[in-house]
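The residues making up each chain are set out below.
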Amino acid sequence: MSDQARVTLGPVNLSEGEMKGYAVGKRNLLIARHGGKVRALDDWCNHAGCLLSGGRVEGSMVVCSCHEVGFDLATGKNVTSPGVCDDQRTFRVEEEDGEVVVYGFPDSPLP
Ligand code: FES
């Protein structure tokens, strides 16, 4: 897998406001549905590495269960605690013929 990998997750049956974590290679990917669109973020919270999929969706953000940092689902922006950690990495995601496809998902952990 290259750094510009295309990952096909298959059909993802998420209702509005739901999310799910996926193990992809050596990494974890968070898929959520918000505003009628599917969103993809790195599931490893950049604060201390907890899985965001273990948290909750609140409006347009995912809130990490470990230290309550909230990230915008569309942009990854840290909207609750900008001084605590960076914005979360997001990935281009499309629904193609009923399958969710993520583009540019790396196969190695971030430093
Ligand atoms: S690990 Fe996510 S907020 Fe600390």
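Preceding this section is the structure that the text describes.
Residues numbered from 1 in each chain as written. Predicted model: local features only at pLDDT ≥ 70, side-chain atom pairs only at ≥ 80, totals over all residues.

**Side note on the overall build of the protein**
On a plain count of helices and strands, the protein comes out with zero helices and nine strands. On C-alpha atoms alone, the protein measures out to a radius of gyration of 13 Å, which is about the 13 Å that the 2.2 N^0.38 rule sets for 111 residues. Its C-alpha atoms give the protein principal-axis dimensions of roughly 40 × 30 × 20 Å. Per-residue burial for the protein yields a buried fraction of 30% across its 111 residues. Pairs at least 24 apart in sequence give 39% of the contacts found in the protein among residues at least 6 apart. (Helix = DSSP H or I, 4+ residues; strand = E, 2+ residues; numbered from the N terminus. Rg over C-alpha atoms; globule rule 2.2 N^0.38 Å. Buried ≥ 20, exposed ≤ 12 C-beta atoms within 10 Å, placed from the backbone. Contact = placed C-beta atoms within 7 Å.)

**Section: the sheet that holds strand 8 (residues 90–96)**
Strand order in the open sheet formed by six strands is 1-9-8-4-3-2, and the pairing between neighbours is antiparallel. Every interior strand has two partners, whereas the edge strands, strand 1 (6–10) and strand 2 (19–24), have only one. Neighbour-to-neighbour, the strand axes of the sheet open up by a mean angle of 30°, direction not taken into account. Looking at chain direction, strand 3 (residues 27–34) and strand 4 (residues 37–42) are connected through six bridges and run antiparallel. (Pairing = 2+ DSSP bridges. Axes fitted to C-alpha atoms, helices over the stretch in contact; angles between N-to-C directions.)

**Points about the sheet that holds strand 7 (residues 70–72)**
Through backbone hydrogen bonds, the strands of a sheet pair up, either in parallel or in antiparallel fashion. The three strands are arranged 5-6-7 in an open sheet whose pairing can be described as antiparallel. Single-partner strands in this sheet number two, and they are strand 5 (56–58) and strand 7. Across the sheet, the mean angle from the axis of one strand to that of its neighbour is 30°, orientation sign disregarded. Direction of pairing for strand 5 relative to strand 6 (residues 61–63): antiparallel, over a ladder of three bridges. Looking at the pairing, Glu58 lines up with Met61 of strand 6.

**Brief notes about unusual backbone geometry**
Notably, Glu68 is not glycine yet its phi reads approximately 65°, a positive angle. Judged by C-beta crowding, with 13 C-beta atoms within 10 Å, Glu68 ranks as partly exposed. Positive phi, normally seen in glycine, also occurs at Asp97, with a value near 55°. Summarising the element assignment, Asp97 is placed in the loop between strand 8 and strand 9 (99–103).

**Quick look at the environment of Gln88**
Inspection of the secondary structure assignment puts Gln88 in the loop between strand 7 and strand 8. Judged by local crowding, Gln88 falls into the buried class, with 26 C-beta atoms found within 10 Å. Sequence separation between Gln88 and Lys77 is eleven residues, and the spatial gap between their C-alpha atoms is 6.2 Å.

**A word on the environment of Gly17**
With respect to the helices and strands, the residue Gly17 is situated in the loop between strand 1 and strand 2. In sequence terms Gly17 and His34 are 17 residues apart; their C-alpha atoms lie 5.5 Å from each other. If near-sequence neighbours (up to four positions away) are discounted, Gly17 is found in contact with His34 and Val57.

By themselves these figures say nothing about function.
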